[in-house]
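# Fold and geometry: a report
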Amino acid sequence: SPSGVERTSRAPPMPPRNEKSLVCFIQALVGTTVVIECRDDVAVRGQLEFCDDDMHCTLTSAIRVTPGGEKTKLDRIFIRARMIRYVHFAPSIDPSALIETKRQEWFEGSRHYAKAAAFGPKNEAKAILD
């Protein structure tokens, strides 16, 4: 390096983006009934089917309510992240426990795939031949 000082350590790896934000909480709500309040004052109530890392959400069996009170039933609706103002969920849900459960699932999944990558896939056909 120009200053004559060698850097020997690397910065620790960054956690996935969804673990650094509350998107992991919204992803943990998949399968529950939520109300998404949009920026245009429209509210959509339905079962959260999917939420990606950018917080785009898909709801099924939804009811869309306009500011004028007009209701529309929808089988499925996709809501872009930039349109979401609030996500309301049932008061019986414990946010901290749900986030911790989701993070533990991701941790276990990453360990499983890291182990498979380190040791390679099991080849049962080869074991039979030996």
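Residues numbered from 1 in each chain as written. Predicted model: local features only at pLDDT ≥ 70, side-chain atom pairs only at ≥ 80, totals over all residues. Heavy atoms only, no water.

Quick look at the state of the cysteines now. Per the stated rule, a full pass over the model turns up zero disulfides. Note on C57: no disulfide assigned, nearest cysteine sulfur contributed by C51 at a separation of 3.8 Å. (Disulfide = S-S within 2.5 Å.)

For the rest of this paragraph, the subject is the packing of aromatic side chains. Following the criterion strictly, the structure yields one aromatic pair and no others. Residues F25 and F89 carry aromatic rings whose centres are separated by 5.0 Å and whose planes lie at 75 degrees to one another, so their mutual orientation is edge-to-face. Within this pair, whereas F25 is found in helix 1 (residues 23–28), its partner F89 is found in the loop between strand 5 (84–88) and helix 2 (95–119), the two being separated by 64 residues in sequence. The class for F25 is buried, based on a relative accessible area of 8%. The class for F89 is partly exposed, based on a relative accessible area of 30%. (Phe/Tyr/Trp six-rings, centres within 6.5 Å; stacked < 30°, edge-to-face > 60°. Helix = DSSP H or I, 4+ residues; strand = E, 2+ residues; numbered from the N terminus. Buried < 20%, exposed > 50% of the residue type's maximum accessible area, 1.4 Å probe, protein only.)

On their own, these measurements won't tell you what the molecule is for.
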